[in-house]
Each structure stands twice: as structure tokens, then as C-alpha cells.
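In case you want the letters, here they are:
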Amino acid sequence: RTLTNVQKKKGQIKQQIRSKQKQAKKVIVDIGVVDSRLSDLEGKLDLTTDRLAAGKKEQARLKIDLQIATKRLADRHRQVLSRLKSIFMKTDENPVVALLRSKNLGDLATRKAIMERIAQHDREMFEDVRRLRATIELKKRRQDALVGEIAQLKQSQQSQQGELKIVRQEKKQYLGQLSQEANELRKQLDELEAESRSIAAQIRAYQARNRGTPLEVKPHKGALLQPVSGPITSGF
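Enquirer: Describe the side chain of Thr-48, with residues and values.
Expert: Relative to the helices and strands, Thr-48 is located in helix 1 (residues 3–89). In terms of polar contacts, Thr-48 uses its side chain to reach the side chain of Gln-157, at 2.8 Å. Setting aside anything within four residues of it in sequence, one finds Thr-48 in contact with Ile-150, Leu-153, Lys-154 and Gln-157.

Given below as C-alpha cells:
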């Protein structure tokens, strides 16, 4: 190859190396962006994990509270039924008999008021427990829904995290590929540099060998006379 061809090839390879370096810089910036997103997502994922743990803990507590309230409601229901059964099955506690045994209207009113207060007290206690159970049950349903939402959020964040890790890995592989290609180009450039130096050395050696050496001129032959006498300095 001629020196001109080698120089041209060197210029092309240098341009390719600059292109690889430019691409590598862009990939490094992209990896930095992905790392930043991963760091931000990991922080959110930690918070979501904590929220989910707290939500499940509250969910378990409400489950126990609901079981206790349900049992209290069942116990209160049995107590009310037992009281009603006792009133109507025992003659001496039968409200009608008790009222008929009243000595006068005042006694009748007093007994009636006492029985109504007892019945009212039973009803109020029963309703209080029922309302408590309903409130806890409502809270439990809401907590169950909240835990479900947080669990879905965590799953979504984990999915995003996995996708970002794949993207990061792909970009790192591409960066390694660019680096390898740039190194191969540098090796080619080094070889061309060596070749260029070798050709330049050959040219210098040739010039050195021929510097100051008189040209061999063949004897003049022809119809025309030689123009001037003296040494011939040019073959032309």
C-alpha cells in the first residue's frame, strides 16, 4: 500500500474511534439515568414494603377484634334469649303474673317501669355490641382492601425494578461491546501507524541512496548535434 492510502485509512479509523467514544458517553449517561431511577424506586419499594407490613399487622389486629366482637354479640344474644325464656317460663317471674300481683296502681306502675327498664337495658347492650361488631367489620373490610392495594403497588414496583435492571444490564453489555470495538480499532490504528512509519522510512532510505548520484547518460546518437558541450546534468 502507498503512504497516501495508509494515511487515508488512518483517518477513517480515527473517525470510527471518535464515533464509538461518542456512543459510549451516551450509554454511560443512560446508565446513570437508569441507576437514578432504580435508586428512587428502591426507596419507594422500601416504603411500600413497610406500609404493607404495617397494613397486614393492622389487618390481623382487626381480625382478632372482629372475632372478639362477634363472640360478644353471640354471648349477648344468648343472654337476652335466656332472660326472655326465664321470664316467660317461670310463673313467679312471668311479667303478667307479676303485674297482676300488684297491690295497687302505684305498685303496678312501679313493677311495669322496672320491667321496661330491664328490657330496655338488655336491648341497649345488645345494640351496642351489634354496632361495635358492625364498625369493626367495616374497618376490617377497608383494611383488607387497603392491604390488597398496597400489595398490588409493591408487585408493580418490583416489576418496574426488574425491567430497569434488565435495561441496565443490556446497556452495560452494549458499553462493553463499544469498548471492545474501540480497542480493536485502536489496534488497527497502531498497525497502520507502524506501516506508515515503515513506508516513510523506506522513502527516506531511497532518497538517501539516490541523493548526489550522477545519472547515467547514454552516448548521443542522432542527426542533430549535441546543443552544448559539458557535463550532462539531466536525462531530459
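Enquirer: Provide a residue-level description of the nonpolar core, including the pertinent values.
Expert: Counting residues in each nonpolar core, the largest one holds seven residues, listed as Val-6, Ile-13, Ile-17, Leu-185, Leu-189, Leu-192 and Ile-199. Elements that contribute at least two residues to this core include exactly helix 1 and helix 3 (105–210).

Enquirer: Now, about the pattern of salt bridges: what can you tell me, with residues and values included?
Expert: Going through the model one piece at a time under the given rule, you end up with 16 salt bridges. Lys-26 is the salt-bridge partner of Asp-30, the closest N and O atoms lying 3.3 Å from each other. Within this pair, Asp-30 and its partner Lys-26 are both found in helix 1, separated by four residues, close to a single helical turn. Assessed through its relative accessible area of 54%, Lys-26 is described here as exposed. Linking Asp-65 and Arg-61 is a salt bridge whose minimum nitrogen-to-oxygen distance equals 2.6 Å. Note that Asp-65 and Arg-61 are positioned in helix 1 at a spacing of four residues, about one turn of the helix. When its relative accessible area of 41% is taken as the criterion, Arg-61 is described as partly exposed. When salt bridges with common partners are traced through the structure, they connect Lys-26, Asp-30 and Lys-171 into a single cluster.

Scoring rules and cut-offs
- Residues numbered from 1 in each chain as written.
- Predicted model: local features only at pLDDT ≥ 70, side-chain atom pairs only at ≥ 80, totals over all residues.
- Heavy atoms only, no water.
- Helix = DSSP H or I, 4+ residues; strand = E, 2+ residues; numbered from the N terminus.
- Polar contact = N/O pair within 3.5 Å; in protein donor to acceptor, adjacent residues only side chain to side chain.
- Contact = heavy atoms within 4.5 Å.
- Core = buried A, V, L, I, M, F, W, Y, C linked by side-chain atoms within 4.5 Å.
- Buried < 20%, exposed > 50% of the residue type's maximum accessible area, 1.4 Å probe, protein only.
- Salt bridge = Lys/Arg side-chain N within 4 Å of Asp/Glu carboxyl O.

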